[in-house]
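Each chain, letter by letter, is given below.
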Amino acid sequence: MKFLLNLYQSAAALPEDGFDHEQFLAAAGQAGELISGHVFADPSISAVVRLRHGVTIVTDGPYLQSPDHVAGQYLVDCESRERALELAALIPGGRSGGVEVRPLMDSAGMEM
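The rules we used
Residues numbered from 1 in each chain as written. Predicted model: local features only at pLDDT ≥ 70, side-chain atom pairs only at ≥ 80, totals over all residues. Heavy atoms only, no water. Pairing = 2+ DSSP bridges. Helix = DSSP H or I, 4+ residues; strand = E, 2+ residues; numbered from the N terminus. Axes fitted to C-alpha atoms, helices over the stretch in contact; angles between N-to-C directions. Contact = heavy atoms within 4.5 Å. Core = buried A, V, L, I, M, F, W, Y, C linked by side-chain atoms within 4.5 Å. Buried < 20%, exposed > 50% of the residue type's maximum accessible area, 1.4 Å probe, protein only.

A. Inspection of the sheet that holds strand β1 (residues 2-10) at higher detail. An order of β2-β5-β1-β6 is seen for the 4 strands of this open sheet, with the pairing classed as antiparallel. For this open sheet the edge positions go to β2 (34-39) and β6 (98-103), each flanked by a neighbour on one side alone. Within this sheet the neighbouring strands show an average axis-to-axis angle of 20°, counted without direction. Both β2 and strand β5 (residues 68-77) contribute to a ladder of 5 bridges, which runs antiparallel. By the bridge assignment for β5, Ser-36 is matched with Leu-75. Running over the sheet, helix α1 (residues 22-30) touches β1, β2 and β5 and is turned about 155° from β2.

B. Spatial organisation of the pairing of β5. Where β1 meets β5, 9 bridges bridge the pair, whose relative direction is antiparallel. Each residue of the ladder has a partner; that of Leu-7, found in β5, is Gly-72.

C. Structural detail: the nonpolar core. Within the largest apolar cluster, 12 residues are counted, these being Phe-3, Leu-5, Leu-7, Phe-24, Ala-28, Tyr-74, Val-76, Cys-78, Ala-84, Leu-87, Ala-88 and Ile-91. Of all the secondary structure elements, the ones that give two or more residues to this core are β1, α1, β5 and α2 (81-89). Apart from residues no more than four positions distant in its own chain, Ile-91 is found in contact with Leu-5, Leu-7, His-21, Phe-24, Tyr-74 and Val-99.

D. The side chain of Glu-33, seen in detail. Here Glu-33 lies in the loop between α1 and β2. Look at Glu-33 and you get buried, because its relative accessible area is 9%. Contacts of Glu-33, omitting those with residues within four sequence positions, involve Ala-27, Ala-28, Leu-75, Val-76, Asp-77, Cys-78, Arg-83 and Leu-87.

Below, the structure written as structure tokens:
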């Protein structure tokens, strides 16, 4: 089953040089469960594109006015939800923000 692990942190706590996730990367990588991972740029330089009544509207800045933002994400392929939760617990950012573990769906619906 594939899971997206979204790392949430406050914008003030976002590291400039990436994340220190060696324990997570070692565990998921050695088990062959890590598919990909990404660290996101500061949310202040993002943009949101919406289509309203046929008009495209582009808004600069973060999507939500929230102290926490998605700072990065990992895509893993695990045997179970419990394993995905174990891997998420290895990500240090969960101590200051949180790690959302969300199952992916395919065209037929939930893969589970």
